[in-house]
Amino acid sequence: MEELLERLLEECRCYIQEGHVADYIPELSKSDPDAFGIYIINSDGRHTWAGDCRQSFTIQSIVKPILLLQALLDNGMEAVQRRVGMEATGKPFDAINSSDQALDSGHINPMVNMGAIVMCSLIKGGTYEERFQRLLSLTGKLAGEEEIGVDEAVYLSEKAHGSRNRALAYLLKSYGLLEGDVEEVLDCYFRACSIRVSCKALAHIGAVLANRGRIPLTNERIFPSALARYVNAILMTCGMYDGSGEFAVRVGVPAKSGVAGGIMAVAPTRMGIGIYSPALDEKGNSLAGIRLLEKLSQELYLSIF
Ligand code: GLN
C-alpha cells in the first residue's frame, strides 16, 4: 500500500503546476505550492502515508461538515433542516445569489459559506467562547488529536479580508435567516476555518465518518450513525462545491475540500483519506489532490456507485 501511494503521488505531481495557491486571504498565499502528501486510515485501524503528510495547514472549508455535525448534535436533524437546505447549489462556495429567487434557506446547504455561517449560529453554549471551545473539542476528537488549535495569523487575515463573508452573513440576517450577533457568528466562522490540521488529522475525521461515527480500533462512538449518513450524503452532493457532480463521476466518494489545499475523503466502511496540495483549480479545490483521489479510487475500487 505504501508503494502504491508513493507511485500515485509521483504520477500526480505534474498537475501541481496547473493550479494556483489561494491568495484572496493573504496569509494563505505563503503556502508552499509543491507540498504534496496523503494519509489513509483504514477501518481496521491501519495507517498508511506518503509525501508531506505531517505538514500542518488550516482546515478551511473542511470544517463545514464538523460545523454541520455540531449543529446536528445540538439541535437534531429536523431543526437543522428547517434552517438550511440539502440541495446542491451549482454555484461557487461564496456565491451571493444562491438562487434566482429571493434568498430562501432551502436554496443553500451546509457546505457553502452561507449555510456554514448559519451552522455557526446553531452551536449551543452559554457564551461565544464556550460555543467555540465545544466546536474545537469536537474537531479534536474527530481528528484524533488532543492538541488542536487555531492559526492566529490566518484567522486575523481571514477576518481582515472577510468582506465577502460579512456581506453573506448580513444578507442572511436581512432575510431573517440568521439569529444572534452577526459579528460574533462571523468570528466563529473565521476562527473555525483557521483550525490547524494535517493529512493525518483529515484521514482520522474521514475514518470516523466512514465508520458511521465510531473511532476505528477503539470503537468509541462520537456521534450516532444516522448523523454520519446525513453528513456523508451532503458531502457527496455538495462537498466539492460546483465541482461536486464531476467529482462524483470521477472519484465517487463523499469528500470535502478547503482553500488551504486539504481534501478529506470518506470511503464508507473502508477508510478515511487526508490529502494536502495547496495549488487549487478555478473552483477552489486542490487540483493535484483530486487527480490523486481519482487514481486511488480506480486502483482500490472506492467509488460507491
Ligand atoms: N475561509 C474560507 C472562506 O470562507 C473558506 C473557504 C473554502 O475553504 N472554500 O473564504
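Rules used in this analysis
- Residues numbered from 1 in each chain as written.
- Predicted model: local features only at pLDDT ≥ 70, side-chain atom pairs only at ≥ 80, totals over all residues.
- Heavy atoms only, no water.
- Helix = DSSP H or I, 4+ residues; strand = E, 2+ residues; numbered from the N terminus.
- Buried < 20%, exposed > 50% of the residue type's maximum accessible area, 1.4 Å probe, protein only.
- Contact = heavy atoms within 4.5 Å.
- Disulfide = S-S within 2.5 Å.
- Pairing = 2+ DSSP bridges.

A.B. asks: What exactly am I supposed to notice about the environment of E87 here?
C.D. replies: For E87, the location among the structural elements is in the loop between α3 (77-83) and α4 (113-121). Judged by its relative accessible area of 53%, E87 is exposed. Sequence separation between E87 and I108 is 21 residues; the distance between their C-alpha atoms is 6.8 Å. Those residues in contact with E87, other than ones at most four positions away along the chain, are G106, N109 and C238.

A.B. asks: Even after reading the chapter, I still don't get the state of the cysteines, so can you show me in this structure?
C.D. replies: Linking two cysteines covalently through their sulfur atoms gives a disulfide. Enumeration according to the criterion identifies zero disulfides in this entry. Here C12 is not cross-linked by a disulfide; its sulfur's nearest cysteine counterpart is in C14, at 6.9 Å. Using a relative accessible area of 0% as the deciding quantity, one classes C12 as buried. Summary of cysteine pairing: C120 is not part of a disulfide, and the nearest cysteine sulfur, belonging to C188, is at 3.8 Å. Residue C120 is classed as buried on the basis of its relative accessible area of 4%.

A.B. asks: Where do I start with the pairing of strand β7 (residues 262-267) in this structure?
C.D. replies: Along any regular strand, the residues point their side chains to alternate faces of the sheet. In terms of burial, β7 is a largely internal element, six of the six residues being buried. Where strand β6 (residues 255-257) meets β7, three bridges bridge the pair, whose relative direction is antiparallel. Looking across to β7, one finds that K256 is bridged to M264. Alignment of β7 against strand β8 (residues 271-276), held across six bridges, turns out to be antiparallel. Bridging across to β8, G262 finds its partner in Y276. The antiparallel pairing of β7 with β8 creates a hairpin that spans three residues between the two strands, and T269 there sits at a positive phi of about 65°.

Nothing here speaks to function; it is geometry throughout.
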